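Results of the structural survey
So the chains spell out like this:
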Amino acid sequence: MYPKRLLSCLALLALLVAFSAVPLAQETTLTMLTHWGTEDQLAAQQAIIDAYMAENPDVAVELVTVDFGELRTKIITGRTAGISADVYHFYHLWLPDFVNAGVLAEPTQDALSYIDENVAQGTIDAVSTSDGQTWGYPTEVNPYLLVYNKRLLAEAGYDAPPANWEELKEIAAAITQVDDTGAITQLGLGVMAGWDSGIVHPFSALLYSNGGNYLSADRRVAEFNSPQGIETLQLYADLVANGGTDPSISGLGDFPSGTVGMVIMAPWWRATLRAAEGIDFDSEVGVAEIPVGPSGEAPSSIAYTWLFAVDSNSPNKPAAWDFIHWMNAEHEEGAGSAIGDFLVNALGAIPSFSHDQAAFADSMSDHYVSAFVAASAYARPEQIVAGGQEIKTLLQVEIEAVLTGMTTPEDALASVEMQANAILEEQRMMAEE
Amino acid sequence: MKTQYGVIDAPAAKAASLLPDMPKSALMRRRMLWAYVFVSAPIIALLVFLLGPILFSGWVSLHRWDMLSPVDEMPWRGLSNYVFLLTKDRVFLKSLGNTFLFAIGGVGANTALGLGFALLLNSRIRGRTLWRVLYFMPVITAPLALAVMFSFIFDRNFGIVNNVITAFGLPRQPFLSGPSQALMTLVFIAVYQFVGYYIVIFLAGLQGIPQDYYDAAQVDGAGKFQEFRFITLPLLRPVMLFVVVTNTIGALQVFDLVFATTGGAPANSSMTVVLHMYNTAFKFSRMGRASAMAFILFAIIMLITLIQVRLLQDRTYQE
Amino acid sequence: MKDERTFLQPIGLTLKYVVLAVGAFIMVFPFIWMIIASLMTAGEIQLRPPVWLPAEPQFSNYSDLADSIPMGRLYFNSVFTSGLIVFGVLLSSSLAGFAFAKYRFPGREFLFYVILATMMIPFFVTLIPVFFIVRQLGWIDTYQGLVVPGLTSAYGIFLMRQFIITLPDELIDAARIDGASELRIFWRIVVPLVKPALATLGTFTFIGSWNAFLWPLLVINSRELMTLPLGINSMKSLYADNTNLLMAGTAVAVIPMLIVFIFLQRYFIQGIALTGLKG
């Protein structure tokens, strides 16, 4: 009796498992993977998708979002598993790795010419590999600038933001306040430890403003271990020594609460700053160019980009490109695209397409975003290279080690340079193999 | 007579197969078949999901593999992954050190607190069940949930711990965001999570010690401390062995907690081996190096376990 | 000596309760604080000077969750996959344990050593290849991928063998003489007698699969298949700016399991205690 019941249990189990694997037959279904995961961002993306599906009833689009920290992992593991999304939105630094591994589909000719006609060359380069192939629709362009709290600077006796590193150190130290228990209640310059871009991008912006380079122009060797690079890390060490900064305080979390004087940040922060309770967006948030270093001549900056691209395994590539095009193209003269609207109005980021820059010029004309628009004209695009993410992570950790007094600027950069060059060489060999 | 449960010797088996008509042999063969039926599914599963993978992992650790290219095209790298890890990979060496510290802190505190509270609960105390339930709650809670709770509790700005200590005029602490405090804060959370489990284990061990021993000791005029030193501790040694070994093995593999709190930051001061392995494999697509890392950690775990078993067992025999 | 002890006893006893109470407070406080914070407004959490209780409990935080988190789905997935895993482990371990304990067959010793050896292999060593195998089977982002690698446990087989070997052979002989089939012997005689061991193994397996994170993180992509720990992980970014909602979500993911535990605590704790002695 019992064994029989046991066997039927097993059979049922097998059936259940088998059935859960059978996909339901449907019309064309596209999956889009993005990292815009907060509630408001999800709602905004869903609205775009719903509008597309209303116009294209035979296509269903599913949205999957993961945390930025897991996005790259998800693309790779999903890809290996053969269940990858059709449409990705990803950080352009990963582009060479994905291309080398054959993850991406080449855009259609229509898509390429549309991008060519409507996007500035510098931005197109940022989403192209060194052979000149463009791989997708660029979205946000994010240059870095010095974002500062006018009230805190004024209270410390400064009515203008720092223009060079000496002023930066002086003002940062003057803003920092330590109470009688030794607690830092107010900090001059906030850094963003624990987040690779939050550490490496501001470092690069300062390095560029000090006349230095990240990689060589041909991207074959690392060049940050230069006198300019060491000066940049020495600035960090000096700021820690004079109390101007402290890595245990997060610029990202504390600037909006009004207890941090300055942060080097990107435009998409606007939504957070507008909602912040500790600082008044209109009257207290200031934006200035990156202070110039002792070996530099003019303010410079770094800009990174994201792009929409299609998976090379997608069974619906034409539909996927059509969907991406629909999101990024202007359907009505002067109205801008759906993604442009989302980037500008939900994030505060700068869109890549000229029609979006024109259509949403008003939304970008506030004192905050307009400064970044100006900077995007001269900011150097982040240098993308196979293995770039690994190099960036190594550099992040060493910069954090300098900030916490665990190593010196010279040792830090020498160590990353050695490892970075090994990675670059290995990647080249792999590409040749 | 064991023979009734199956075939014991080769001649009998042979006889059974030669003479299928003999009822007894047929019966034995059928039993043997049943045994294979019972064993086959789990054995196949273990081969596919455990033994096969470990061999495959060893093979991968001698190559460079990004998981995207075909398995038969992996470039051979010999032992270079191992050499790189042990001589050049600063993050690995750092994470190894962190993992040891995490294990030593966690195992020490769990053993001391687990035994201490078990002794308290083993004395005449009311509401033993209630105490046990309260101490056991974190054990069944997902590490992810605890990570979220404690990230908030230890937050530098809005965390209640900092709110309380600053209310007493003490300086605000960075906890998980401070390079010198992150790892120790993780140890605290890990001890919080598992101490209830070890209390229950120690309590069961204590209750297994016959009361006669203590009665006899009291007749001899032994004090409480002497009872503990000469009866409780020696008789608890097997339980102690279990606690120390399982806790060490678990602590050396910590992942969820670190992943969901610090992610290894700041400056890798809380990076652990399995998290670094996860990053190396799935962030940097270096399956070969990650597999080598797994084997090095595996070897270390085996070694430490052997040493612990030796140390804790030998003394049992001496006494 | 004796006088001293009786004199000190009340103080000692009070001290014991104080120590136990302080420990219990530390254990329970994070859960209580999670619930308190989940009833605050986003502003109250960041208020300076801090507030310790919400001015007015925001129960709406919990109803807000329902709009963005498919809690029912998360619970279904966790219950369904953990249930299958527990069932599979109990069945496979007891069957194999029975065979190893009570049958003689060629290769028995060898296979048992294989199992003992695999017991030592930590999960992370097999992580990458198992992921690869599951991928080859086309099981990424499916229930099978989540469940099947966990259906057998070397430790479970070992544990069940140790228990079943202590059962007297005479019981099984008697059943055979009565003409019982092997499956019937297993189901009617062995299983009822090793129920405590099954409870232990079941408890352990359940806690493990209910809380598992790393494997589901790798295998599951779609929201429809997420288990509770993955749900908590995605809430971390969803509610990055709303700690009150994050706490409410975590509470919903954690509290029901605690309530189940409180009702079944005797079985949980007895089971756990058993492993310490047997292991």
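It should be emphasised that the depicted structure is a prediction, and the values quoted were computed from it without experimental measurement.

Moving on, we come to the overall build of chain B. When you go through chain B residue by residue, the secondary structure sums to 14 helices and 0 strands. In terms of overall dimensions, chain B is more spread out than a globule: its C-alpha atoms have a radius of gyration of 26 Å, far above the 20 Å expected for 319 residues. When its C-alpha atoms are laid out on the principal axes, chain B stretches across 90 × 70 × 35 Å. Across chain B, every contact between residues at least 6 apart in sequence was considered, and the portion connecting residues at least 24 apart equals 64%.

Before going further, it helps to spend a moment on the overall build of chain A. A tally of helices and strands in chain A yields 19 helices and 13 strands. Taken over the C-alpha trace, chain A has a radius of gyration of 24 Å; the compact-globule value for 433 residues is 22 Å, and the two agree within 12%. Each of the 433 residues in chain A was classed as buried or not, and the buried ones make up 56%. Counted over contacts in chain A with a minimum sequence separation of 6, partners at least 24 positions apart contribute 74%. With 16 positive and 58 negative side-chain charges, chain A shows a spacing of 9 Å between the two charge centroids.

Time to look at the domain arrangement of chain B. Residue and element names in this part refer to chain B. What the domain assignment lists for chain B is domain 1 (2-60) and domain 2 (80-318). Relative placement of domain 1 and domain 2: their C-alpha centres are 41 Å apart. Summed over both partners, the interface of domain 1 with domain 2 buries about 370 Å², with 68% contributed by carbon and sulfur atoms. At the boundary of domain 1 with domain 2, the tally comes to 0 salt bridges. Applying the counting criterion to the domain 1 and domain 2 interface returns 0 residue pairs in polar contact (both at pLDDT 80 or more). Partitioning the side of domain 1 that touches domain 2 into residue classes produces 2 nonpolar, 2 polar and no charged.

Right, let's get into helix α6 (residues 143-153) of chain B. Extensive coverage of α6 of chain B is indicated by the burial of 10 of its 11 residues. Among all positions of α6 of chain B, only Pro143, Leu144, Ala145, Leu146, Ala147, Val148, Met149, Phe150, Phe152 and Ile153 of chain B are buried.

Let's shift gears to the packing of helix α4 (residues 90-122) of chain B against helix α8 (residues 182-207) of chain B. Residue and element names in this part refer to chain B. Between α4 and α8, whose axes approach to 6 Å, the crossing angle comes to 40 degrees. As the angle between them shows, α4 and α8 are arranged oblique. α4 and α8 meet at a crossing whose hand is right-handed. For the contact of α4 with α8, the per-class residue count stands at 21 nonpolar, 8 polar and no charged.

Even without being glycine, phenylalanine 175 of chain B reaches a positive phi, approximately 50 degrees. The phi dihedral of aspartate 141 of chain C is positive, around 65 degrees, even though this residue is not glycine. Within the fold, aspartate 141 of chain C resides in the loop between α6 (123-136) and α7 (143-147).

This part covers the domain arrangement of chain A. Residues and elements named next belong to chain A. Parsing chain A into structural domains produces domain 1 (28-142 + 303-381) and domain 2 (145-302 + 385-432). For domain 1 and domain 2, the distance between their C-alpha centres works out to 27 Å. Of the residues lining the interface, 31 residues belong to domain 1; the matching set on domain 2 comes to 34 residues. Both faces combined, the contact of domain 1 with domain 2 buries some 2,600 Å², and carbon together with sulfur accounts for 56% of it. Our enumeration of links across domain 1 and domain 2 arrives at 1 salt bridge. A salt bridge links arginine 270 to aspartate 366, with the nearest nitrogen and oxygen atoms 2.8 Å apart.

Contacts between the two partners involve 96 residues from chain B, matched on the other side by 97 residues from chain C. For the pairing of chain B and chain C, the buried interface totals around 8,800 Å² over both sides, and the portion due to carbon and sulfur atoms is 80%. For the pair chain B and chain C, the number of links is 1 salt bridge. Summed over the shared surface of chain B and chain C, the result is 10 residue pairs in polar contact (both at pLDDT 80 or more). It is helix α2 (residues 23-60) of chain B that contributes the most residues to the side of chain B that touches chain C, 19 residues altogether.

Quick look at the side chain of threonine 142 of chain C now. Residues and elements named next belong to chain C. The topology assignment puts threonine 142 in the loop between α6 and α7. Take threonine 142: its relative accessible area is 11%, and that puts it in the buried class. A polar contact of 2.6 Å, which involves the side chain of threonine 142, links it to the backbone oxygen of tryptophan 139. Each residue touching threonine 142, except ones within four places of it in the same chain, is listed here: Ile220 and Leu225.

Let us now look at the nonpolar core. Within the largest apolar cluster, 335 residues are counted, with the highest numbers of intra-cluster contacts made by Phe90, Phe224, Met262 and Tyr368 of chain A together with Phe100 of chain C. It is α8 of chain B that provides the largest number of residues to this core, a total of 17 residues.

Let us now look at the packing of aromatic side chains. Counted by the stated rule, this structure contains 59 aromatic pairs over all chains. Centroid distance phenylalanine 259 of chain B to phenylalanine 213 of chain C: 5.3 Å. Interplanar angle 55 degrees. Geometry classified as tilted. Of the two residues, phenylalanine 259 of chain B sits in helix α12 (residues 256-260) while phenylalanine 213 of chain C sits in the loop between α11 (195-211) and α12 (214-219), which places them in two different chains. For phenylalanine 259 of chain B, a relative accessible area of 15% puts it in the buried group. An aromatic cluster is defined as three or more aromatic residues linked by ring pairs; in this entry it consists of Phe68, Phe90, Tyr91, Trp94, Phe98, Tyr144, Tyr304 and Trp306 of chain A.

What follows is about the environment of glycine 72 of chain C. Along the chain, the position of glycine 72 of chain C falls in helix α4 (residues 71-102). Sequence-wise, glycine 72 of chain C and leucine 228 of chain C are 156 residues apart; in three dimensions their C-alpha atoms are separated by 9.9 Å.

What counts as what
Residues numbered from 1 in each chain as written. Chains lettered and ligands numbered in written order. Predicted model: local features only at pLDDT ≥ 70, side-chain atom pairs only at ≥ 80, totals over all residues. Heavy atoms only, no water. Helix = DSSP H or I, 4+ residues; strand = E, 2+ residues; numbered from the N terminus. Rg over C-alpha atoms; globule rule 2.2 N^0.38 Å. Contact = heavy atoms within 4.5 Å. Buried < 20%, exposed > 50% of the residue type's maximum accessible area, 1.4 Å probe, protein only. Lys, Arg positive; Asp, Glu negative; His and termini not counted. Charge placed at Lys NZ, Arg CZ, Asp CG, Glu CD. Domains from an automatic or database assignment. Buried area = accessible area lost by both parts, 1.4 Å probe. Salt bridge = Lys/Arg side-chain N within 4 Å of Asp/Glu carboxyl O. Polar contact = N/O pair within 3.5 Å; in protein donor to acceptor, adjacent residues only side chain to side chain. Nonpolar A, V, L, I, M, F, W, Y, C, P; charged D, E, K, R; others polar. Axes fitted to C-alpha atoms, helices over the stretch in contact; angles between N-to-C directions. Parallel < 35°, antiparallel > 145°, perpendicular 65-115°, else oblique. Left-handed = near helix turned anticlockwise from the far one by under 90°. Core = buried A, V, L, I, M, F, W, Y, C linked by side-chain atoms within 4.5 Å. Phe/Tyr/Trp six-rings, centres within 6.5 Å; stacked < 30°, edge-to-face > 60°.

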